[in-house]
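Read off the chains here:
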Amino acid sequence: MTAATGRLRPTDARADDATDLDRGTSRAVRRRSLHLLGQLLRPRAGALAGAGALVVISTLAQVSGPLLVQAAIDTALPALREGDPTRLVVVGGIYVLAAVLGGLCAGAYVRAAARVAQSVLLELRRRVFRHTQRLSLEFHESYTSGRVISRQTSDLEALRELFDGGLTGVVSSLMLMVFTAGALFYVDWRSGLVLLVALVPAWLLTRWFQRRSQQSYREQRTASARLIVKFVETMTGMRAVQAFRREATDDAEYGRLGEQYRDANLRIFGVNGRYQPGLVLIGNLTVAAALAYGGWRVVEGTLDVGALVAVLLYVKRFFQPIQQLGMFYNALQSAVAALEKVSGLLAEEPTVVEPSDPTPLPSPRGEIRLQDVTFGYGDGPVVLPRLDLTIPAGQTVALVGSTGAGKSTLAKLVTRFYDASAGRVLLDGVDVRDVSGTDLRRAVVMVTQEAYLFSGSVRENIALGRPDATDAEVEAAARAVGVHEFVTSLPEGYDTDVNKRGGRVSSGQRQLLSFARAFLADPAVLVLDEATSSLDIPGERLVQRGLQTLLADRTAIIIAHRLSTVDIADRVLVLEHGRVLEDGAPADLVAAGGRYAAMQAAWRDSVA
Amino acid sequence: MPPTARADRPDSPSVPAGSDLSTLASLRRLLPTVRPALPRLVAGLVAALGASLAALAIPRVLQVLVEGPLAAGAAAGDPAALLWPTLAVLALGLLEAGLILLRRTLVMYPGTRVEAALRTTLFRHLLQLPASFHDRWAGGQLLSRSMTDLGLLRRWLVFGLLQLVVSTITVVVGIAVLVATAGWLGLVYLVGAVPVVVIAYRFSRRYRVIARTSQDQSGDLANTVEESVHGIRVLKAFGRGGDALESFTGQAEQLRRTEIRKAGNQATVTTALHLIPEATLAVCLVLGVWSAAEGQLTVGALAAFFLTAAVINGPVVDLGMTLSMTLNARTAVDRFFEVVETANPLTDPAEPRELGTVRGEVTLRDVTFRHEADEPPVLDGVDLDLPAGTTTALVGLTGSGKSTLAMLLPRLHDVTTGSVRLDGVDVRDLRRHDLRRAVAVAFEEPTLFSTTVRENVLLGVDDSLPAPERERLLHSSLDVARAGFVHDLPQGVDTRIGEEGLSLSGGQRQRLALARAIAARPRVLVLDDPLSALDVTTEEAVTRGLREVLAGTTSLVIAHRPSTVALADRVAVLSDGRISAVGTHRELLARDPHYRYVVASLEEDWVAHEHETDLTQEAR
Ligand SMILES: Nc1ncnc2c1ncn2[C@@H]1O[C@H](COP(=O)(O)OP(=O)(O)OP(=O)(O)O)[C@@H](O)[C@H]1O
Ligand SMILES: Nc1ncnc2c1ncn2[C@@H]1O[C@H](COP(=O)(O)OP(=O)(O)OP(=O)(O)O)[C@@H](O)[C@H]1O
Ligand SMILES: [Mg+2]
Ligand SMILES: [Mg+2]
């Protein structure tokens, strides 16, 4: 039996890494990316236009320099010789003004462009972050953190370069080209036609560049993501890498990925390194063509030599900014390829969807009901087949069973880490799919089997349970799980940094700190998944005592292999292969002499 | 609010490494890596200069050709006069494009090669640095060095460096030409260069600091992203995605402000680089026209002066961009060397001793261990013998230092004082590779990788082993760890198990980690609380299997519970940083109150020793 098909499946890494896209996909991906770019730029159109205006002004000021020199020599000099210095003073004054204006506008442009770029980046960062937080675990399991990081770092870097490098040039370049072309047509429209003809190979070259660089940039993005994934994973598992002597192998593997990245970069340089001189070549050929054609007409006598000089200089000048345009186009290609990846991540749908019209849950009682629940991870085998279960509000239920039986899975359905493939999970009679995330998290909190601490202080880590908690409340929670003494023994007490992943504290201490979070969160339903497995026995007992008071008036699901933990439960569920084998008060089950009784006996033996 | 990464890195002194060096000195550290690429870089530079010259020459040549030979030929009605000028322009045009092509081709290899080489160097160094380094350095900071910083460096090598040199040469030559041809007018222009240099220098100093801040902050940001994904289960379980976003936004906002500040500096220098040369030219214009009127200067010379000045002003403006690019690269180099120059305190000895066949006798003599020099020791005078082929359980309270002690055996940490010996040889006198081949660990947290079950289990098995042998090891170790569940996975042992193995259940992960340690067939096996995630039945089964494997292998088994202790021949009790008692489980139960307190589950024992809780906790 397999899980219900037709469910939304997250994209896995392999699909994300694909660079050989068929035409349709390639178009769609590109459109998605450009759409995102448009979305980001549209609200900033005003600011962009302002920045553009600044560039135009500073370019005009720069261009006016030679004209002013011309004016000074042509008119101010003769006037001065006549004894009239006013013209010189005026021209000089205008030149100074132009210098000041040009300089100020150029500087202002840098500021304005940075403001736009940074606000786009901030928004995109936030969007990606929020979206990755919303995405379901199913997605994260295959996408891996390295990929998310690469979306947030190196992909955004490409976008930033677009703003940094290309955008400045494009406005002034285009402007210069249009002006020059206009002047050329004015001087001699026939030569202007030569220019138009030259645009054909330029366009063809650009098409070629677009196709080739699009592919190469995609490869570059993929290669960079792979490199990051490998890096992150190796750093995370460094202890195992060293202990099992994988340094050489990992080094080789990383070197291989590094080569792939280098190859991708080389290909890009290669394509770009032909595109740019190609553009220059077309420009220079056009100048030669214009020379031949114009020269011919000079010989024929239909064009005079002075006009030919002007024509040639204009043609040459027309192509001067084309390298800048090429660079902009290159940066754009890079950014679009990066945004393809980012937009791909943003287009990913969470498989656990927030309700559009949530049922409010103002004061949850904590009654849990599973109706006919079937669940399997992805397309994998069914883990929980048709489960029916009711946990009345306030009850403490212990979930026991062999490893891999589906205990954590059941807990993850109740906390809605995943949605049931079939059937419903109800909290106070409301389908959890109809409860808003905020309400659900306020009502149901889980201490996961993996005790994860964030780098940061002990206090911050505990306060994750309830960010608005006072220091006294944080301390009270720490006391309740018996970790307060340990924390105060740390060099900076509650402000001590626990280091990456809580590496500063022992694994038992890590569990206690995670536990303290849950104490602080104070939810209606508390799910504890193997929350004390790494504790010493005295510590476990202390926690047990704390729990007894904590759980008095709330629903709790306690998953534990250590049956000592189960003592405080009102009810025990024995889960095997996703089915409830036994269900009853601990004492009754022991008396009945079934599975639980056997487990209990084995446990007694093992601790003696 | 979820805690965020720290901006300060404990390993780095308050002044970041290399920041006291001049930019040149800092970049010079790259020389050994760049040297092989140097000829190409220089050739690329020459090509770049050639291309700029060609670009400058073309308009001039056009003008001269058209007004000279072509006009003369046309006057004579001779179409053949067209040929030579056209061909000359064509040749120059081809030359310019060719030189650009050449430059790009020449520099792309060095640029990317240096980047790749540095990246590998960094990674290789990180692979060598011990756990104590990795514990403290945020992953994002390392990652941003490896990707963002080295990317910056590549771009600088490929574009910035050449542009810097070409611009500088153009400016210097241009000014020299001005001074040589226009005399004092050239000197006036030169005077204008003085404030530019001063401003550029002051800008460099300020910009460097901001660039450093910005690169550090983006490293922190990467770190927050990493933690937000690794810790996503916790964030989801507590519904703290919103808070995480908020604190991430705070950090990103900080970075944004830094970037804006950076741009502000850049803007100032851009303004100055535009304004000052142009304003100087305005002054020159007035002075020049005046002196031309006085007859001291010809009109032609005046025009030539401004043509040359126009050529210089472009590169001056570019200098602003290239300068900041250079400073960014410099910061990147600093950050890179900060890690690469971190000495590895845990290295192979200069003259390693050979192990030969390992008997597997481990002795710890008077071992003390501190994580930080200014903190009380975690281990303080540990003496412990693990006779060859025996199994010893290590028992102690949470945080007593069991895992720390265990990490000393494969030398993932080094003792602060005292010694750990394998077969009588100090582990520091052995190659780490040899030592770790003899000693395998199952960590308390499984630490799996997102590859197949097979690769995870065979992690410590030599790749050179024949395939059937590897296969046998795989299956036998999976068997011992009772990890038969892998055969029910969609692709059996070839199923990928998700990042950190998180698509498996807790007990399944632990058994894979156990199988991995066993598959390495070590002489010394360290098992850190290996059964904590197993149910009683599975635990029994694994224990049975393990007993067979452990027979003949020296093992240290860290245990919290009697069931795990049962694996061992004898038990060592760790308390207050030393081994307080050694004996069999029964013996210790009978005579050691602390041991009873630590492992006894029965309520009576606990009550009897409750007063000890207070004592121990005070001691802790
Ligand atoms: N994210 C996942 N993706 C795919 N399969 C999974 C995932 N998580 C768990 N499984 C599989 O589902 C089954 C039940 O796992 P679950 O984590 O619920 O077990 P458990 O009862 O909590 O076991 P343990 O006591 O070892 O923690 C296991 O076979 C496991 O391999
Ligand atoms: N990197 C570190 N820097 C400073 N102190 C540390 C560091 N790592 C661990 N410690 C401290 O050293 C002590 C011993 O830790 P260790 O992990 O060895 O304990 P343990 O006996 O294995 O505990 P558990 O049973 O919980 O696993 C703890 O108090 C811990 O806080
Ligand atoms: Mg579980
Ligand atoms: Mg430990």
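Just so you know, these numbers come straight off a predicted model, no measurement behind them. (Residues numbered from 1 in each chain as written. Chains lettered and ligands numbered in written order. Predicted model: local features only at pLDDT ≥ 70, side-chain atom pairs only at ≥ 80, totals over all residues. Heavy atoms only, no water.)

S.K.: For this particular structure, what's the right way to read the overall build of chain B?
M.R.: When its secondary structure is counted, chain B shows 21 helices and ten strands. With respect to the three principal axes, the spread of C-alpha positions in chain B is 120 × 55 × 55 Å. Of all 620 residues assigned to chain B, the portion counted as buried reaches 61%. At a minimum sequence separation of 6, the contacts of chain B that also span at least 24 residues come to 76%. About 23300 Å² of surface is accessible on chain B, with carbon and sulfur atoms providing 60% of the total. (Helix = DSSP H or I, 4+ residues; strand = E, 2+ residues; numbered from the N terminus. Buried < 20%, exposed > 50% of the residue type's maximum accessible area, 1.4 Å probe, protein only. Contact = heavy atoms within 4.5 Å. Areas by Shrake-Rupley, 256 points an atom, 1.4 Å probe, with all protein chains shown as cover.)

S.K.: What's the story with the pairing of strand β1 (residues 368-376) of chain A in this structure? I'm lost.
M.R.: Residue and element names in this part refer to chain A. As defined by bridge partners, β1 adjoins strand β2 (residues 382-391) across six bridges and the pair is classed as antiparallel. Paired with glycine 376 across the strands is valine 382, a residue of β2. Between β1 and β2, which pair antiparallel one after the other, the connecting turn spans five residues, and glycine 378 there sits at a positive phi close to 55°. Two elements, β1 and strand β4 (residues 422-427), share five bridges in a ladder whose sense is antiparallel. Residue pairing across strands places threonine 374 opposite alanine 422, the latter belonging to β4. (Pairing = 2+ DSSP bridges.)

S.K.: So what exactly am I meant to see when it comes to the coordination of the magnesium ion (ligand 4) here?
M.R.: Six octahedral donors around a metal ideally sit at 90 or 180 degrees from one another, while four tetrahedral donors ideally sit at 109.5 degrees. Residues and elements named next belong to chain B. The coordination sphere of the magnesium ion (ligand 4), as far as protein atoms go, consists of Ser403 (OG), Glu444 (OE) and Glu444 (OE), spread over 1.9 to 2.6 Å. With a gap of 41 residues between them, serine 403 in helix α11 (residues 402-408) and glutamate 444 in the loop between β6 (439-442) and α13 (453-457) connect regions that are remote in the sequence. For the residue pair serine 403 and glutamate 444, the accessibility class agrees, reading buried in each case. (Donors = N, O, S within 2.8 Å, 3.2 Å for Na, K, Ca; no water.)

S.K.: I would appreciate a short explanation of the UniProt feature "transmembrane region" (unreviewed entry) in chain A in the present structure.
M.R.: Residue and element names in this part refer to chain A. When the UniProt feature table is mapped onto this chain numbering, "transmembrane region" (unreviewed entry) sits at residues 45-68, 88-110, 166-186, 192-209 and 277-296. Measuring from the first to the last C-alpha atom of residues 45-68 gives 34 Å, for a span that is 100% helix and 0% strand. With 100% helix and 0% strand, residues 277-296 has its two end C-alpha atoms placed 28 Å apart. (UniProt positions renumbered as here; feature names shortened; annotations may be inferred.)

S.K.: Would you explain the UniProt feature "transmembrane region" (unreviewed entry) in chain B in this entry?
M.R.: Residue and element names in this part refer to chain B. When the UniProt feature table is mapped to this numbering, "transmembrane region" (unreviewed entry) covers residues 37-62, 82-102, 156-178, 184-203, 271-293 and 299-321. Along residues 156-178 the backbone is 100% helical and 0% strand, and the end-to-end C-alpha distance reaches 30 Å. Summarising residues 271-293: 100% helix, 0% strand, and an end-to-end C-alpha distance of 33 Å.

S.K.: Would you mind showing me how to read the nonpolar core here?
M.R.: Where a protein is soluble and globular, its nonpolar side chains tend to be buried together. Core analysis: the largest hydrophobic core is formed by 274 residues, its most contacted members being Leu159 and Ile462 of chain A together with Leu409, Leu422 and Leu512 of chain B. The greatest single-element share of this core, amounting to 14 residues, is contributed by helix α10 (residues 247-300) of chain A. The residues touching leucine 422 of chain B, leaving out its near neighbours within four places in the chain, are Leu355, Val358, Gly360, Glu361, Val362, Val427, Leu430, Leu435, Ala438 and Val524 of chain B. If you look at the next biggest cluster of nonpolar residues, it comprises 38 residues, including Val196, Val269, Phe305 and Ile312 of chain B. (Core = buried A, V, L, I, M, F, W, Y, C linked by side-chain atoms within 4.5 Å.)

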